Amino acid sequence: MAHVVIIGGGFAGVWSAAGAALARGDADLRVTLVAPNEHLVLRPRLYEPEPDRATVELRRILGPIGVEHLRASVSTIDTGRRVVVADGREVGYDRLVLAAGSALVRPRDLPGAERLFDIDTLDGARRLTDHLRDREDCTTVVVGAGFVGLEAATALAARGRVLLVDRADTVAEPLGPGPRAEIEAALDELGVARRLGTTVTEVGDGYAVLSDGTRVEADAVVWSVGMRASELTRQISAELDHLGRVPVDRRLRALPEVFAAGDTAAAAFDADHTVMQACQHAVPLGKVAGYNAAADLLGRPLRDFTPGPYVTCLDLGGAGAIFTRGWGRRVMASGADGAAIKQRINQAIHPPVDDAAEILAAADHVYLDLPFFPRDEETTAPVA
Ligand SMILES: Cc1cc2nc3c(=O)[nH]c(=O)nc-3n(C[C@H](O)[C@H](O)[C@H](O)COP(=O)(O)OP(=O)(O)OC[C@H]3O[C@@H](n4cnc5c(N)ncnc54)[C@H](O)[C@@H]3O)c2cc1C
């Protein structure tokens, strides 16, 4: 029987599995998801105080739709022989979807790097939570004032003093000037101190040293800078983008028998942008890549990836959240209104479970359809 293999059990892998099951219908086709994890981790929620709540059991999604789960890590992709090696075992495929995601790049040469915390993975977020659990009035240093660093810093502000450090001269440099004033105001409201044009050069027991030589108190130093796609991308393509992602066409094909989705795929958003390494894009990329992998084997028409509108929603802890539209990130809602939108998004990214019809219907409905996700010219531009 023909076989679709999906590498990865994050948003892109799970939705690839559902997309492949949708395209399969009643046809004979085996679909296997290979990933070491038992749970889908809702990474966008890992800044929350109880990270274990941000998980969904994979068996509750894959079981009802007849997708096998091989709990293993892939080390090798042999595109010539159409085989992947998972925990030393060879698994043959007819179509492959690479959805192995991304990971934080931790600094190698920083003295005390082993003491750094992060909220990139469930284990990382648990470690930080456990470390701070019984401490009162903690002092934390957050390195990186981008999206993840801002969510970490504003969440940690509820626990005590926070110092936000960034090499750039402004906060939220990757988000551009659109939301900056609102973010600065939120940081002021929460009393989050900033040291810009600076980084951390050493981490010790209860302290951090900054690049200007200052030594600051720190119960924990949280690293949030730099995301890179899985190294497996190198086995698919010699030409990767600056985030280590594989170039794909509008059907998300990287090679004749290999598709890519989520944080491993450099798919075009429009003539000027590639997709972000974001759940917002990983979900529809997965749905389309998985569908196409199965449809290609079954001789059925493939789907184009036509992105939904680009939005961002940044949680700012006790100062609410901001919701922006378009690549200029124009602020549409902030404070409590923004927080209400963030809450709805965090619910909407939780996939349906236990009910095959509901899971497959969601896979067929490629984009999140929420009232605050407008489809208009400002946020959606045609792919050239
Ligand atoms: C703190 C935080 C906040 C975020 N906030 C937002 C937000 O507000 N909005 C937004 O859109 N995005 C947000 N993101 C980004 C979003 O979480 C990612 O873009 C999304 O998780 C990517 O999904 P993915 O499936 O491509 O990859 P991942 O989530 O990285 O999943 C990859 C999967 O592949 C598996 N895997 C890896 N290597 C192998 C291997 N060799 N063999 C087998 N399996 C493997 C992993 O175990 C995992 O199951 C946030 C991320 C973080 C960390």
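Because the structure is predicted, anything quoted here is derived from the model rather than measured.

Student: Residues and numbers for the UniProt feature "domain: FAD/NAD(P)-binding" (unreviewed entry) in the protein chain, please.
Tutor: According to UniProt, the feature "domain: FAD/NAD(P)-binding" (unreviewed entry) maps to residues 3–283 in the numbering used here. Secondary structure content for residues 3–283 is 20% helix and 30% strand, and the end C-alpha separation is 22 Å.

Student: Tell me about the site of the ligand, and please be specific about residues and values.
Tutor: Near the ligand, the surroundings consist of 34 residues, among which A12, R43, V74, D263 and C279 are the closest. Here C279 contributes a backbone N or O atom positioned 2.9 Å from an oxygen atom of the ligand. Contact between the ligand and K342: an oxygen atom at 3.1 Å from a side-chain N or O atom of the residue. Protein contacts shield 87% of the accessible area of the ligand, which totals 1000 Å² for the unbound molecule.

Student: Could you give me a rundown of the domain arrangement of the protein chain, with the residues and numbers involved?
Tutor: Assigned domains within the protein chain: domain 1 (3–103 + 227–309 + 355–364) and domain 2 (106–223). Using only C-alpha atoms to locate each centre, domain 1 and domain 2 end up separated by 32 Å. Contacts between domain 1 and domain 2 engage 11 residues on the former and 9 residues on the latter. Roughly 840 Å² is buried in total at the junction of domain 1 and domain 2, and carbon and sulfur atoms are behind 59% of that figure. The salt bridge partner of R126 is D52, with a shortest N-O separation of 2.7 Å. Seen at the junction of domain 1 and domain 2, the total is 2 residue pairs in polar contact (both at pLDDT 80 or more). Partitioned by chemical class, the residues of the side of domain 1 that touches domain 2 number 8 nonpolar, 1 polar and 2 charged.

Basis of the calculations
- Per chain, residues are indexed from 1 in the order of the written sequence.
- Whole-chain, interface and lining totals are the exception, using all residues; otherwise, since this is a predicted model, local features are given only for residues with pLDDT of at least 70 and side-chain atom pairs are given and counted only at 80 or more.
- Only hydrogens and water are set aside when side-chain values are computed; all heavy atoms of the structure are taken into account.
- UniProt positions are given in the numbering used here, feature names are shortened, and annotations may be inferred rather than shown by experiment.
- We count a stretch as a helix when DSSP gives it H or I for four or more residues in a row; a strand needs E for two or more, and each element gets its number in order from the N terminus.
- Consider each residue's heavy atoms; a residue with any of them within 4 Å of a molecule or strand counts as near.
- Think of a polar contact as two N or O atoms within 3.5 Å of one another; within protein, one of them needs to be a possible hydrogen donor and the other a possible acceptor, and neighboring residues in sequence only count if both atoms come from side chains.
- Here the open area of atoms and residues is found with the Shrake-Rupley method and a 1.4 Å probe, where only the protein chains shown may cover a residue.
- The split into domains, and so the bounds of each, comes from an automatic or database assignment of domains.
- By definition, residues are in contact when any of their heavy atoms lie within 4.5 Å.
- When two parts are brought into contact, each loses some accessible area as probed by a 1.4 Å sphere; the total of that loss over both is the buried area.
- Any carboxyl oxygen of Asp or Glu that lies within 4 Å of a side-chain nitrogen of Lys or Arg is treated as forming a salt bridge with it.
- Think of it as three bins: nonpolar holds Ala, Val, Leu, Ile, Met, Phe, Trp, Tyr, Cys and Pro, charged holds Asp, Glu, Lys and Arg, and polar takes everything else, Gly as well.

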